[in-house]
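# What the coordinates show
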Amino acid sequence: MACTRCPLYETRHHVVFGVGPEHSEVMFIGEGPGEQEDLKGEPFVGRAGQFLDEMLYIIGLSRKNCYIANIVKCRPPGNRDPLNVERDACSDWLRSQIRLISPKLIVCLGRIAAMEFIDPEFRISRQHGSWVEIDGIWRTALYHPSALLRDPTKRPETFRDLISLKQMVLEHCPNTILEG
Ligand code: URA
């Protein structure tokens, strides 16, 4: 993939497309690659990614039974939030990914993804962990793993959100074998 639709291509090392089985029933969507992801070409492989792996492990998910992608596929310099023009330029890629993967559940990681996929007015501190069905896909948002690293007091709420996610997987994802 040699996309040049937005200026992020000038500073990226790798396009970070996504990881996971192509027919995953659960899809996680973050914001955009950080430094490690840009260097390795895989989403969530830095510190936040290790924390995400731990969150998944708690409920029997892993990179083998869910799909992980980002709103933008190239690293915004200095890890700033992706700009609207960058998100707009990238949105066709993610929408095609969602169409092909056809997940039953979308889990937004953080406010930026939740504003894109659940509600432009989404308030992460009030609405994390709530579920809504849009276009036949159940959607929720968790605090971004980076926020949980910065502020451990949010972790108990996230633990409850993960238990609710596990329940939704058991109800809606017959082909997802939870590990452990
Ligand atoms: N944060 C994100 O939102 N995505 C990544 O891939 C890494 C860190």
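Scroll up a little and you will see the structure.
In this report, we go over the structure that sits alongside the text.

It is worth spelling out the sheet that holds strand β5 (residues 137-142) at this point. Reading across the sheet, the 5 strands line up as β2-β1-β3-β5-β4 and stay open at both edges, with mixed pairing between neighbours. If you trace the sheet from one side to the other, it starts and ends with β2 (67-70) and β4 (132-134), each paired once. Sheet twist, expressed as the average angle between the axes of neighbouring strands with direction ignored, equals 30°. Both strand β1 (residues 26-30) and strand β3 (residues 105-109) contribute to a ladder of 4 bridges, which runs parallel. Across the sheet, F28 pairs through a bridge with V107, a residue of β3. Against the sheet, helix α3 (residues 84-101) engages β1, β2, β3 and β5, with an angle of about 170° to β1. Seen against the sheet, helix α7 (residues 155-172) touches β1, β3 and β5 and runs at an angle of roughly 160° to β3.

So, about empty space enclosed by the protein. To find leftover empty space, one rolls a probe the size of a water molecule over the atoms. One pass over the structure, following the stated rule, counts 1 cavity of 30 Å³ or more. Roughly 110 Å³ of internal volume is contained in the largest cavity. Around the largest cavity, the lining comprises 16 residues; the ones closest to its centre are C3, C6, R12, C74 and C90. Of the residues belonging to the lining of the largest cavity, the class tally is 11 nonpolar, 1 polar and 4 charged.

Bringing the pattern of salt bridges into the picture now. Counted according to the given criterion, the structure contains 7 salt bridges. Among the ionic pairs, R63 bridges to D53, the shortest N-O distance being 3.0 Å. Taken together, the residues span a long stretch of sequence, with R63 in the loop between α2 (47-58) and β2 and D53 in helix α2 at a distance of 10 residues. With a relative accessible area of 19%, R63 lands in the buried category. For R95, the salt bridge is made with E116, and the minimal N-O distance between the two is 3.4 Å. Highlighted residues: R95 in helix α3 and E116 in helix α4 (residues 111-117), separated in sequence by 21 residues. Since its relative accessible area comes to 27%, E116 is described here as partly exposed. Connected through salt bridges with shared partners, the residues E42, D53 and R63 form a single ionic network.

Turning to the nonpolar core, a few remarks are in order. V26, F28, I29 and L165 are the most contacted members of the largest nonpolar core, which has 43 residues in total. The set of elements that each furnish at least two residues to this core consists of β1, α2, β2, α3, β3, α4, β5 and α7. At 5 residues, β3 tops the list of elements feeding residues into this core. Ignoring anything within four residues of it in the chain, the contact list for I29 reads A69, N70, I71, L94, I98, I106, V107, C108, L109, A113 and F117. Counting 5 residues, the second-largest nonpolar core is a separate cluster that includes C6, V15, C74 and A89.

Criteria and thresholds
Each chain has its residues counted from 1, following the order in which its sequence is written. Totals for whole chains, interfaces and linings use all residues, but because this is a predicted model, local features are given only for residues with pLDDT of at least 70 and pairs of side-chain atoms are given and counted only at 80 or more. Side-chain metrics rest on all non-hydrogen atoms present in the structure, leaving aside hydrogens and water. For two strands to be treated as a pair, DSSP must find at least two bridges joining them. Counting from the N terminus, the helices are the DSSP runs of H or I reaching at least four residues and the strands are the DSSP runs of E reaching at least two. Note on geometry: axes are lines fitted to C-alpha atoms, helical ones only across the stretch in contact, with angles between N-to-C directions running from 0 to 180 degrees. Residue contacts follow a heavy-atom distance rule, with two residues in contact if any of their heavy atoms lie within 4.5 Å. The definitions used throughout rest on a 1 Å grid laid over the protein atoms alone, on which a cavity is an enclosed set of points accommodating a 1.4 Å probe that cannot get out and a pocket is an open set flanked by protein within 12 Å on both sides along at least five of seven lines; lining residues are those having an atom within 4 Å of a point. Grid points are joined across faces, edges and corners, and a volume is the space filled by probe spheres set on the points. Each residue is assigned to one class: nonpolar for Ala, Val, Leu, Ile, Met, Phe, Trp, Tyr, Cys and Pro, charged for Asp, Glu, Lys and Arg, and polar for all the others, Gly among them. We define a salt bridge as a side-chain nitrogen of Lys or Arg found within 4 Å of a carboxyl oxygen belonging to Asp or Glu. Only protein chains enter the area calculation, which uses a 1.4 Å probe; residues under 20% of their type maximum are buried, those over 50% are exposed, and those in between are partly exposed. Throughout, nonpolar core names a set of buried Ala, Val, Leu, Ile, Met, Phe, Trp, Tyr and Cys residues whose side chains join them through atoms within 4.5 Å.

In short, geometric facts, not functional conclusions.
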